[in-house]
Amino acid sequence: MLLLVICLAGLSPGLATVWLLRHRGWLLATVAGLAVTLALPGLLLLAMVAMPPLGYVVAACSAAIAVKAYDEGRVLVGTAWAVAVVAAFACAGVL
C-alpha cells in the first residue's frame with residue numbers, strides 16, 4: 001500500500017500543475033509545480049524511515065550508480081550519489 005502511495009506521489013507534480021494551469025493560470029501553476037517537485041525528496045526520506053527495506057534498496061542502487069560515476073571520471077556526481085547512500089542507510093537505521 002505504501003508503495004502505491006509513493007507511486008501516486010510521483011504523479012502529483014504533473015497533476016497539480018495541469019489542474020492549476022486550467023483553473024488559476026501560469027504563475028500559480030508554476031509555483032505549485034515547483035513546490036510539489038521539491039517536496040518529493042522529503043517524501044522519499046520519510047518513506048525510507050517508515051519502511052527500512054526501501055532504504056536498503058535505495059542505498060544499493062545509489063552505490064551502484066556512484067561506482068559507475070567514479071569509473072567514468074565524474075567525481076562530483078559520484079560523491080553526490082555516495083551521500084545518497086549514507087542518507088539511505090541513516091534512514092534505514094544502520095548508521
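As the structure is a computational prediction, the values presented were derived from the model and not from experiment.

Caption draft 1: Quick peek at the pattern of salt bridges. Within this structure, the stated rule accounts for two salt bridges. Its salt-bridge partner being K68, residue E72 comes within 2.7 Å of it at the nearest N-O pair. Put simply, E72 and R74 hold a salt bridge, and the shortest N to O gap is 2.9 Å. We classify R74 as partly exposed; its relative accessible area is 41%. One network of salt bridges, in which partners are shared, links K68, E72 and R74.

Caption draft 2: Just the nonpolar core, in detail. The biggest cluster of nonpolar side chains holds eight residues, and these are A47, M48, L54, V58, A59, V85, A88 and C91. Of all the elements in the fold, those that place two or more residues in this core are α2 (26–50), α3 (52–71) and α4 (75–92). Discounting chain neighbours no more than four positions away, the residues touching A47 are I6 and L54.

Caption draft 3: Region of interest: helix α1 (residues 2–23). The end-to-end C-alpha distance of α1 is 30 Å, a good match for the 32 Å that 22 residues give at a rise of 1.5 Å each. Taken as a whole, α1 carries its principal kink of about 40° at L11; the proline P13 stands between one and four residues after it. Of all the residues in α1, the buried ones are A9, P13 and L20. Of the surrounding elements, those touching the buried residues of α1 are α2. Taken from the residues just after α1, G25 is the one with a positive phi, measuring 110°.

Caption draft 4: Seen up close, the environment of V57. Among the secondary structure elements, V57 is positioned in helix α3. Taking the C-alpha atoms as reference points, V57 and A84, separated by 27 residues in sequence, lie 12 Å from one another.

Caption draft 5: How the structure looks around the packing of α1 against α2. At a minimum axis distance of 8 Å, the contact between α1 and α2 shows a crossing angle of 170°. Classified by the angle between their axes, α1 and α2 sit roughly antiparallel to one another. Facing α1, whose interface residues are I6, A9, G10, S12, P13, T17, L20 and L21, α2 presents W26, L28, A29, A32, G33, V36, T37, L40, L43 and A47. Considered class by class, the residues forming the contact of α1 with α2 number 13 nonpolar, five polar and no charged.

Scoring rules and cut-offs
- Residues numbered from 1 in each chain as written.
- Predicted model: local features only at pLDDT ≥ 70, side-chain atom pairs only at ≥ 80, totals over all residues.
- Heavy atoms only, no water.
- Salt bridge = Lys/Arg side-chain N within 4 Å of Asp/Glu carboxyl O.
- Buried < 20%, exposed > 50% of the residue type's maximum accessible area, 1.4 Å probe, protein only.
- Core = buried A, V, L, I, M, F, W, Y, C linked by side-chain atoms within 4.5 Å.
- Helix = DSSP H or I, 4+ residues; strand = E, 2+ residues; numbered from the N terminus.
- Contact = heavy atoms within 4.5 Å.
- Expected span 1.5 Å × (residues − 1).
- Bend = angle between axes of the 7 residues up to and from the residue.
- Axes fitted to C-alpha atoms, helices over the stretch in contact; angles between N-to-C directions.
- Parallel < 35°, antiparallel > 145°, perpendicular 65-115°, else oblique.
- Nonpolar A, V, L, I, M, F, W, Y, C, P; charged D, E, K, R; others polar.

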